[in-house]
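Below are the chains, spelled out letter by letter.
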Amino acid sequence: MRIALITNGLHPYVMGGMQRHSTMLSQHLPASGVQLVVFHTAHSEDAIAQAKALVGLPQPSNGTIEHVFVEYPKCGRLPGHYIGDNHRYSQRMLDAYREHGEHFDFIYAQGLTGRAFIEAKQNGMVLPPIGVNCHGYEMFQRAANLKEKLQHWMLRPTFRKLTLEADFAFSFSGKIRDIVERQIGLTAAKIIQVPNAVDASWLRPAASVTTSKRRFVFLGRYERRKGIEELNIVLRSMVEAVGFEFHFIGPIPSEKQLEASWVHYHGSISESSTLIALLDDSDVLVCPSHAEGMPTVILEAMARGLAVIATDVGATSEIVDASNGLLLPTVNIDSLRAAIVTMAALKPAELNRMKCASLTRVKNYTWERVSQNTHRLIKEVSDVGSPS
């Protein structure tokens, strides 16, 4: 089976969850027997050079894969330029696809990269089934503030149209599936439900044994929807934390950092071994987001045997419940504070049980399993054809 994967970048040349997802697909789909051509891009001069040379990008041990680099258009400056920039990039992707000139059985389009393909197909161009993956559909979830609410309002029509006009849409479970079916109105026959995943190399043989001092960790960049503002309010209220410490991993601006001896900032970490070492020294991941898809950071933390505090957004409820952590209904300062205090006060045996439960559950979400299932589902819908 030949699949064209069109994406707005690969990790580590472009940072982001969608780019990381694309990289993992490119590594694991060929291993399941797919002949894959990846159309991708990068932005800075150094990243472009590295992406063209595939510097540091692991290649699958078997199967066939080819990479096609596509220059990203110059970004606009007017409000809403994101949508226009992505449309022009999608058109460049379509041009590169045409120039490639080979037959494909399926087009897997990340985010808005499939817009020009869908339009061309509607205008009579012969193309295989097109499946779009918009991941978390954050613009249909709760906005953290007025600025985000306005951004959501601008993005919704484009993502709704894209989802409805594609042949298929990839979706996570839970509240993401509800968005796709109930808010957008896509029929079940056009939905390919596949979870997110973690590389099997992340799986730890056994969870670390909890000590008397609890270590909490937040993993991610500073972004309003990630709930860092609420988390900072909670941590500020704990003037003198007793028995636990908090670690931030990611690019947190200095003005958003707290001055407390028990709060530590590690900045951006690109080396997996360094990140794994920090997670291995932690007990609980805190992910208080206003909106999410199926967070990779939660799966990675679970793979290293951490318990989890998270909000019930996106597909988080599929991987976090009372067995391995605390699932909060919404981002609420009081409930977030109570959750951290509860986890800090848990007896070691109880916290160890949660950590072991995370490790057991995450074994069902390895990229080896998920890529094989993705291949199977794509083959099924390709054999049947596009639903009317």
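Going by the structure above, here's the rest.
Residues numbered from 1 in each chain as written. Predicted model: local features only at pLDDT ≥ 70, side-chain atom pairs only at ≥ 80, totals over all residues. Heavy atoms only, no water.

### Quick look at empty space enclosed by the protein
So, point 1. Counted according to the given criterion, the structure contains 1 cavity of 30 Å³ or more.
So, point 2. Estimates place the volume of the largest cavity at around 70 Å³.
So, point 3. Considering the residues around the largest cavity, the lining is formed by His-21, Leu-25, Tyr-108, Asn-133, Phe-170, Ser-171, Phe-172, Ile-192, Val-194, Pro-195 and Thr-374.
So, point 4. Within the residue set of the lining of the largest cavity, elements represented by two or more residues are helix H1 (17–28) and strand S6 (168–171).
So, point 5. Split into classes, the residues belonging to the lining of the largest cavity amount to 7 nonpolar, 4 polar and no charged. (1 Å grid on protein atoms, 1.4 Å probe; cavity = no way out; pocket = protein on both sides within 12 Å on 5 of 7 lines; lining within 4 Å. Points joined across faces, edges and corners; volume = space filled by probe spheres on them. Helix = DSSP H or I, 4+ residues; strand = E, 2+ residues; numbered from the N terminus. Nonpolar A, V, L, I, M, F, W, Y, C, P; charged D, E, K, R; others polar.)

### Let's talk about the sheet that holds strand S1 (residues 2–6)
So, point 1. The strand order S3-S2-S1-S4-S5-S6-S7 describes an open sheet built from 7 strands, whose pairing is parallel. Here the strands that pair on one side only, and so sit at the sheet edges, are strand S3 (64–69) and strand S7 (191–193). Strand-to-strand twist across the sheet, computed as the mean angle between neighbouring axes with direction ignored, equals 20 degrees.
So, point 2. Its contacts with the sheet place H1 against S1, strand S2 (35–40), S3, strand S4 (106–110) and strand S5 (130–133), and it is angled at close to 150 degrees to S4.
So, point 3. Strands in contact with helix H3 (residues 81–100) are S1, S2, S3 and S4; relative to S2, the strand with the most contacts, it is inclined by about 140 degrees. (Pairing = 2+ DSSP bridges. Axes fitted to C-alpha atoms, helices over the stretch in contact; angles between N-to-C directions. Contact = heavy atoms within 4.5 Å.)

### Here we look at the environment of Gly-56
So, point 1. Locating Gly-56 in the fold gives a position in the loop between helix H2 (45–53) and S3.
So, point 2. Gly-56 sits 43 residues away from Tyr-13 along the chain, and the two C-alpha atoms are 9.6 Å apart.

### Observations regarding the packing of H3 against helix H4 (residues 115–122)
So, point 1. Close contact between H3 and H4 brings their axes to 7 Å; oriented N to C, the two are set at 65 degrees. Side by side, H3 and H4 meet where Ile-83, His-87, Ser-90, Gln-91, Met-93, Leu-94 and Tyr-97 of the first sit next to Arg-115, Ala-116, Phe-117, Glu-119 and Ala-120 of the second.

### Thoughts on the pattern of salt bridges
So, point 1. By the definition in use, this model includes 24 salt bridges.
So, point 2. The salt bridge partner of Arg-2 is Glu-102, with a shortest N-O separation of 2.7 Å. Of this pair, Arg-2 sits in strand S1 while Glu-102 sits in the loop between H3 and S4, placing them 100 residues apart in sequence.
So, point 3. In this structure Arg-2 comes out as buried when scored by relative accessible area, which is 18%.
So, point 4. Overall, Glu-102 belongs to the partly exposed group, its relative accessible area being 37%.
So, point 5. The closest approach of N and O atoms between Lys-213 and Glu-245, which form a salt bridge, is 3.4 Å. One end of the pair, Lys-213, is in the loop between S7 and strand S8 (214–219); the other, Glu-245, is in strand S9 (residues 244–249), and 32 residues separate them in sequence.
So, point 6. Overall, Lys-213 belongs to the partly exposed group, its relative accessible area being 37%.
So, point 7. Through salt bridges with shared partners, a single network forms among Glu-138, Arg-221, Glu-223, Arg-225, Lys-226 and Glu-292. (Salt bridge = Lys/Arg side-chain N within 4 Å of Asp/Glu carboxyl O. Buried < 20%, exposed > 50% of the residue type's maximum accessible area, 1.4 Å probe, protein only.)

### Considerations on the nonpolar core
As a rule of thumb, nonpolar side chains are buried together in soluble globular proteins.
So, point 1. Counting residues in each nonpolar core, the largest one holds 64 residues, and the members touching the most others are Phe-39, Phe-117, Tyr-137, Leu-285 and Ile-298.
So, point 2. In terms of residues, this core owes the most to one element, H3, which gives 6 residues.
So, point 3. With near-sequence residues (within four places) excluded, Phe-117 lies in contact with Ile-6, Ser-90, Met-93, Leu-94, Tyr-97, Ile-107, Leu-127 and Ile-130.
So, point 4. Of all hydrophobic cores here, the second largest spans 28 residues; its members include Val-34, Ala-47, Leu-57 and Phe-170. (Core = buried A, V, L, I, M, F, W, Y, C linked by side-chain atoms within 4.5 Å.)

Coordinates in, geometry out; function isn't part of it.
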